[in-house]
Amino acid sequence: MRLIVLSDIHANHVALHAVLAAVARLAPDQVVVAGDVINRGPSSLACWESIQEKRQHAGWQVIKGNHEDYVLHAAATPHPAEAWEFEFFAHTRWTVEQVRAVLPDLQALPDQLSLTDPEGGEIRFLHASMQGNRCGLYEDMEDEHLASLVAPAPRVLVAGHTHVPFVRRVGTTLVVNAGSAGLPFDGDPRVSFAVLDWKAGHWQ
């Protein structure tokens, strides 16, 4: 069984094309997109349409990230009362105009999803952590803190949001951060995504 998880495309259609080519070569059984398909970059609608095509024809699954929430919030409040909010979300309002026709699709995205591995263990996917889609997972967190952000503990938890990939075990949970497929923050300009292979009763 092979799973691929990508996150944080952020409207970077050139990067998404690189990911799509890599995914085709790797031939996974399932692909999950862990949020932030849109916003920040210039090509929100093109990225969303590419992901939608994969949802419809290849069975890809997609969850909502904080930037989908930002766009939905900006669409619902085009004239915020606070001046700082108007300025802070200026680029997001621009994104709203690109994706207005697909706002219902964005609203309908789930916040998390789970799959089951061949032994019945849970693989849980979310954008940031169990504490919300803006509370990220970092490799240097203390075990107790990290465990609190993934509880209740699944066999595997895969997230994105921080744009910095890592793999770490905390307690009985394998924690995987897929990094960013469109806007990496780890000093490596290449796209990042996670490949999980089930071999000999374990995820690698």
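Note that the structure is predicted; figures quoted are calculated from it, not measured.

A. Local environment of the overall build of the chain. From N to C terminus, the chain includes 7 helices and 10 strands. Projected onto its principal axes, the C-alpha positions of the chain cover 55 × 40 × 30 Å. In the chain, which comprises 204 residues, the proportion classed as buried is 50%. Residue pairs at least 24 apart in sequence account for 66% of intrachain contacts in the chain once pairs closer than 6 positions are excluded. Approximately 9700 Å² of the chain is accessible, and the part contributed by carbon and sulfur atoms is 53%. Averaging the locations of the 15 positively and 24 negatively charged side chains of the chain gives two centres separated by 5 Å.

B. Expanded view of the sheet that holds strand β1 (residues 2-6). Across the sheet, 5 strands lie side by side as β3-β2-β1-β9-β10; this open sheet has mixed pairing. A strand with exactly one partner marks an edge of an open sheet, and here the two such strands are β3 (61-62) and β10 (202-203). Sheet topology note: the β1/strand β2 (residues 30-33) ladder contains 4 bridges and is parallel. Along β2, the bridge assignment pairs Leu3 with Gln30. Packed on one face of the sheet, helix α1 (residues 13-26) meets β1, β2 and β9 (194-199) and runs near 175 degrees to β1.

C. Highlighting the side chain of Arg124. Position of Arg124 relative to the elements: it lies in strand β5 (residues 122-126). We classify Arg124 as buried; its relative accessible area is 4%. One polar contact links Arg124 to Glu122, side chain to side chain, over a distance of 2.9 Å. In contact with Arg124, other than residues within four places in its own chain, are Gln112, Leu113, Ser114, Met130, Val150, Ala151, Pro152, Ala153, Pro154, Val156, Leu157 and Val158.

D. Representation of the packing of α1 against helix α2 (residues 44-58) in the model. Where α1 contacts α2, the axes come no closer than 9 Å and their chain directions differ by 25 degrees. Compared by their axis directions, α1 and α2 come out roughly parallel. You can see that α1 and α2 cross each other, and the crossing is left-handed. Between α1, through His13, Leu16 and Leu20, and α2, the contact on the second element is made entirely by Ala46, Cys47, Ser50, Ile51 and Lys54. Tallied by class, residues from the contact of α1 with α2 come to 5 nonpolar, 2 polar and 1 charged.

E. Region of the structure containing helix α3 (residues 66-76). The set of residues buried in α3 consists of Asn66, His67, Glu68, Tyr70, Val71, Leu72 and Ala74. Packed against the buried residues of α3 are α5 (90-99) and α6 (103-107).

F. How the structure looks around the nonpolar core. In terms of nonpolar packing, the biggest core is built from 29 residues, with Val5, Ile123, Phe125, Leu137, Val158, Leu196 and Trp203 touching the most fellow members. Counting only elements with at least two residues in this core, the list comes to β1, β4 (112-116), β5, α7 (143-150), β6 (156-159), β7 (166-170), β8 (173-177) and β9. A per-element tally of this core places β6 first, with 4 residues. With near-sequence residues (within four places) excluded, Trp203 lies in contact with Met1, Leu3, Asp117, Ile123, Arg155, Val156, Leu174, Leu196, Asp197 and Trp198. One finds Leu20, Val31, Val71 and Leu109 within the second-largest nonpolar core, a separate group that totals 26 residues.

What counts, and where the lines are drawn
Residues numbered from 1 in each chain as written. Predicted model: local features only at pLDDT ≥ 70, side-chain atom pairs only at ≥ 80, totals over all residues. Heavy atoms only, no water. Helix = DSSP H or I, 4+ residues; strand = E, 2+ residues; numbered from the N terminus. Buried < 20%, exposed > 50% of the residue type's maximum accessible area, 1.4 Å probe, protein only. Contact = heavy atoms within 4.5 Å. Areas by Shrake-Rupley, 256 points an atom, 1.4 Å probe, with all protein chains shown as cover. Lys, Arg positive; Asp, Glu negative; His and termini not counted. Charge placed at Lys NZ, Arg CZ, Asp CG, Glu CD. Pairing = 2+ DSSP bridges. Axes fitted to C-alpha atoms, helices over the stretch in contact; angles between N-to-C directions. Polar contact = N/O pair within 3.5 Å; in protein donor to acceptor, adjacent residues only side chain to side chain. Parallel < 35°, antiparallel > 145°, perpendicular 65-115°, else oblique. Left-handed = near helix turned anticlockwise from the far one by under 90°. Nonpolar A, V, L, I, M, F, W, Y, C, P; charged D, E, K, R; others polar. Core = buried A, V, L, I, M, F, W, Y, C linked by side-chain atoms within 4.5 Å.

Geometric values such as these leave the question of function open.
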